[in-house]
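Reading the structure
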Amino acid sequence: LLCFRRYLLTALTSCLFWNTFGSSAAMDSKPNILLFLADDLGIGDIGCYGNNTIRTPNIDRLAREGVKLTQHIAAAPLCTPSRAAFLTGRYPIRSGMASSNRYRALQWNAGSGGLPANETTFARLLQQQGYTTGLIGKWHQGVNCESFNDHCHHPLNHGFDYFYGMPFTLLNNCQENKPPELDVALQAKLWVYSQIITLAVLTLTAGKLTGLISIRWKIIACFTSVGGLFFISWYSSYGFVQYWNCILMRNHDVTEQPMRLERTASLMLKEAVSFIKRNRHGPFLLFVSFLHVHTPLFTTAKFLGKSRHGLYGDNVEEMDWMVGKILDSLDKEGLKNHTFTYFASDHGGHLEAQDGSAQLGGWNGIYKGGKGMGGWEGGIRVPGVFRWPGVLPSGTVIDEPTSLMDIYPTVVHLAGGILPQDRVIDGRNLVPLLRGRAQKSEHEFLFHYCGSYLHAVRWHQKDSGAIWKAHYVTPVFHPPGAGACYGKGICPCFGEGVTHHDPPLLFDLSRDPSEAKPLSADTEPLFDTVIRKIGRAIEEHRRTLTPVPEQLSLYNVVWKPWLQPCCGTFPFCWCDKEGNS
């Protein structure tokens, strides 16, 4: 009997120990961290968010084996500011990555703006915790400041040990026979000005030769010189976009200029798999920042014509296949259960991306608006999927408000790091919510910016479950009622292209997620109370903002020849080191 009692006590103690510590054993060690971020993917484009026509079995598998967020919000509706917020856990206005002009994203590799060196990325903090950190794919946070090789904004200056990919972003300009995408309106104006100057020079010359105009040849020569300089400066930038922007780099070296799109996907996949294999003994952070599904949607022959949604669907399915191959490499190395995996998009789908009747941008499901729209849900509500077998519950859906900025404190917590104490961190640690230890998001308010302009605010009223959202500024759709700004590329943030609302448009997203029926004091008894509460939150938020240099100022975004990354001697910049290897 004594032996039996001892056996029973031992068994109960072991059981208690396992329940207390066993399920969190993986939490006590440093997991590998794998982050997938798609480019311009709409929340309605993948199967686990309701799409039954585009095949995304690998992303769907992540959702089945982990946690799916249904109210995952980007901090900005465009690439550069959204990614800055993702990397730093801070609203882009805090780092100077929010624009007050119409250039809301970096325009050139040879611009001087970018993620400031005094910003601390999650990669830097994980690096300090012994992680090997890698970035494969798109950067779009700048390269240089003062010279062509100072690399002040480069990934390796922001905590990444290894970088292979595009320092910029894909554009139509990167593919032959595609209509230009970069600053089309300005290019058209510059071309008109060039023609006007040329016509003036020809007219003056003809008048001088025929004696109809009395003018000195020096003045004509001056006009000719000015016109020539104007044309050369314009054409040397916009005439060679493919060479200046569409390049690949490995660490600090340019490997393809211009890049060969037909092999880019396979190179990115090979690099990601190779990074996992090299660092299988961990811990590692791998940030796979897809070039998919941004225009020009270059898709390899294996996937062309295979989807039911044209070239865009083909591109999404190719990206999903790449996700699957990278997950397979985790399995092959026996790392699946020791890797915290995340999938999201940097913002909503691009509604205005069209080629005739063909839609080249994503679908944002039931949500109004899209890319470029700082307030409407379609521009900022994105997929958010997490997997960590044995730690995160499988098949879980969380409807609480979360942000891409939350990844910062989440991965820093998992790595055993400490958040910076000298700055405001807007993200919140998601681990308690993801594991089911907390039922409510820590976010009470989320502020939705369009550039540096506050367009909307979300209030999570936790005691009632309501998600109030007040719109102070909304874009003017073109044509009216179209749901987007067709013919303009993307909707503007200010000026004649927006409408200011006083009182603001108010919605309860818990009842009206499509933002179809604005509430008023007549239809909502709490209208005035909610507006006052949100107004006070805005005042408190603005008191936390401090002036910083604007990284997307006109000076910082303009092309500067002396900052151009070049694999030869400028301006003879072309190489194919991948082909040689």
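All values derive from a computational prediction rather than experimental measurement.

1. Quick notes on the state of the cysteines
Evaluation of the coordinates by the stated rule reveals six disulfides. Each sulfur of the disulfide joining Cys-566 and Cys-573 lies 1.9 Å from the other. Since a negative S-S torsion denotes a left-handed disulfide, the Cys-566-Cys-573 link at about -105° is left-handed. Taking the relative accessible area as the measure of exposure, Cys-573 reaches 1% and is therefore buried. Disulfide pairing is shown between Cys-567 and Cys-575; the S-S distance is 2.4 Å.

2. Describing the sheet that holds strand 15 (residues 453–461)
Read across the sheet, four strands follow the order 14-15-16-17 without closing on themselves; strand pairing throughout is antiparallel. Two strands in the sheet have a free side with no partner beyond their single neighbour: strand 14 (445–450) and strand 17 (498–508). Geometrically, the sheet is characterised by an average inter-axis angle of 15° between neighbouring strands, direction not taken into account. Judged from the seven bridges that link them, strand 16 (residues 466–475) and strand 17 form a sheet pairing that is antiparallel. From the neighbouring strand, His-471 faces strand 17, where its bridge partner is Leu-505.

3. Structural notes on the environment of Leu-430
Looking at where Leu-430 falls in the secondary structure, it is placed in the loop between helix 13 (407–414) and helix 14 (431–434). In the structure, Leu-430 is positioned 17 residues away from His-413 in sequence and 9.4 Å away in space, judged by C-alpha atoms. With residues near it in sequence (within four places) discarded, Leu-430 still touches Phe-386, Thr-402, Asp-406 and Thr-410.

4. Regarding the side chain of Arg-387
Looking at where Arg-387 falls in the secondary structure, it is placed in strand 11 (residues 381–387). Other than its neighbours up to four places away in sequence, Arg-387 contacts Arg-61, Leu-62, Glu-65, Gly-66, Leu-327, Leu-330, Lys-336, Thr-339, Phe-340, Thr-341 and Leu-392.

5. Structural notes on the nonpolar core
Counting 61 residues, the largest nonpolar core has Phe-36, Leu-41, Leu-286 and Phe-343 as the members making the most contacts within it. Among the elements of the structure, strand 1 (32–38), helix 3 (57–64), strand 4 (162–166), helix 9 (241–245), helix 10 (261–278), strand 7 (284–289) and helix 11 (310–332) are those that each provide at least two residues to this core. Setting aside chain neighbours within four positions, we find Phe-343 in contact with Phe-36, Ala-38, Leu-41, Ile-46, Ile-59, Leu-62, Met-319, Val-323, Pro-383, Gly-384 and Val-385. By size, the runner-up hydrophobic cluster in this structure holds 47 residues, among which are Phe-122, Tyr-131, Phe-386 and Cys-575.

6. Overview of the domain arrangement of the chain
A common measure of how large an interface is: the accessible area buried when the components associate. In terms of domain boundaries, the chain breaks down into domain 1 (32–170 + 246–576) and domain 2 (184–238). Distance between the C-alpha centres of domain 1 and domain 2: 44 Å.

7. Digging into the packing of helix 3 against helix 11
In contact at an axis separation of 7 Å, helix 3 and helix 11 are set at 55° when each is read in the N-to-C sense. The orientation of helix 3 relative to helix 11 falls into the category oblique. Residue-level contacts link Pro-57, Asn-58, Ile-59, Arg-61 and Leu-62 of helix 3 to Met-319, Asp-320, Trp-321, Val-323, Gly-324, Leu-327, Asp-328 and Asp-331 of helix 11. Across the contact of helix 3 with helix 11, the residue classes break down as seven nonpolar, two polar and four charged.

8. Digging into the packing of helix 10 against helix 11
Between two packed helices, the angle of one axis relative to the other and the distance separating the axes together describe the packing. One way to put it is that helix 10 packs onto helix 11 with a least axis distance of 9 Å and a crossing angle of 20°. Here helix 10 lies roughly parallel to helix 11, going by the angle between them. In the packing of helix 10 onto helix 11, the handedness of the crossing is right-handed. Residues Ala-265, Met-268, Leu-269, Ala-272, Val-273 and Ile-276 of helix 10 lie in contact with helix 11, whose contacting residues are Glu-318, Trp-321, Met-322, Lys-325, Ile-326, Ser-329 and Leu-330. Classifying every residue of the contact of helix 10 with helix 11 gives ten nonpolar, one polar and two charged.

9. Focus: the pattern of salt bridges
Taken as a whole and assessed by the stated rule, the structure comprises 21 salt bridges. With a closest N to O distance of 2.8 Å, Arg-263 and Glu-256 form a salt bridge. Glu-256 sits in the buried class, given a relative accessible area of 0%. Taking the shortest distance from any N to any O, the salt bridge between Arg-511 and Asp-508 comes out at 2.8 Å. Residue class for Arg-511 comes out exposed when judged on its relative accessible area of 54%. Each of Glu-377, Arg-381, Arg-458, Lys-469 and Glu-515 takes part in one network of salt bridges that share partners.

10. Quick notes on helix 15 (residues 527–543)
The terminal C-alpha atoms of helix 15 lie 25 Å apart, and with 17 residues this matches the ideal 24 Å at 1.5 Å per residue to within 8%. Among the structural elements, helix 5 (92–95), strand 14, strand 15, strand 16 and strand 17 are those in contact with the buried residues of helix 15.

11. Looking at the side chain of Asp-45
Assignment of secondary structure puts Asp-45 in the loop between strand 1 and helix 3. Buried Asp-45, no salt bridge; nearest opposite-charge side chain is Lys-371, N-O distance 12 Å. Contact partners of Asp-45, with chain neighbours within four places excluded, come to Asn-51, Ile-54, Thr-56, Tyr-312, Val-316, Gly-362 and Trp-363.

12. Thoughts on the environment of Ser-82
Mapping Ser-82 onto the fold places it in helix 4 (residues 79–88). Assessed through its relative accessible area of 1%, Ser-82 is described here as buried. For the pair Ser-82 and Pro-92, spaced ten residues apart in sequence, the C-alpha separation works out to 7.2 Å. In this view, Ser-82 contacts Ala-74, Ala-76, Asp-346 and Leu-404; residues no more than four positions away in its chain are not counted.

13. Some words on helix 10
With 18 residues, helix 10 ought to run about 26 Å at 1.5 Å a step, and its terminal C-alpha atoms sit 26 Å apart, in line with that. Those residues of helix 10 lying buried are Leu-261, Thr-264, Ala-265, Leu-267, Met-268, Leu-269, Glu-271, Ala-272, Phe-275 and Ile-276.

14. Notes on the pairing of strand 15
Buried residues dominate strand 15, accounting for eight of its nine residues. One ladder, built from six bridges, connects strand 14 with strand 15; its direction is antiparallel. If you follow Tyr-449 over to strand 15, its bridge partner there is Leu-454. In this structure, the hairpin formed by strand 14 and strand 15 is closed by a connection of two residues, where Gly-451 is found at a positive phi of approximately 65°. Two strands pair when backbone bridges link them, and strand 15 and strand 16 are joined in this way by six bridges, in the antiparallel orientation. Residue pairing across strands places Trp-459 opposite Trp-468, the latter belonging to strand 16. Here strand 15 hands over to strand 16 after four residues, with Gly-465 in that stretch at a positive phi of 85°.

Conventions used here
- Residues numbered from 1 in each chain as written.
- Predicted model: local features only at pLDDT ≥ 70, side-chain atom pairs only at ≥ 80, totals over all residues.
- Heavy atoms only, no water.
- Disulfide = S-S within 2.5 Å.
- Buried < 20%, exposed > 50% of the residue type's maximum accessible area, 1.4 Å probe, protein only.
- Pairing = 2+ DSSP bridges.
- Helix = DSSP H or I, 4+ residues; strand = E, 2+ residues; numbered from the N terminus.
- Axes fitted to C-alpha atoms, helices over the stretch in contact; angles between N-to-C directions.
- Contact = heavy atoms within 4.5 Å.
- Core = buried A, V, L, I, M, F, W, Y, C linked by side-chain atoms within 4.5 Å.
- Domains from an automatic or database assignment.
- Parallel < 35°, antiparallel > 145°, perpendicular 65-115°, else oblique.
- Nonpolar A, V, L, I, M, F, W, Y, C, P; charged D, E, K, R; others polar.
- Left-handed = near helix turned anticlockwise from the far one by under 90°.
- Salt bridge = Lys/Arg side-chain N within 4 Å of Asp/Glu carboxyl O.
- Expected span 1.5 Å × (residues − 1).
- Lys, Arg positive; Asp, Glu negative; His and termini not counted.

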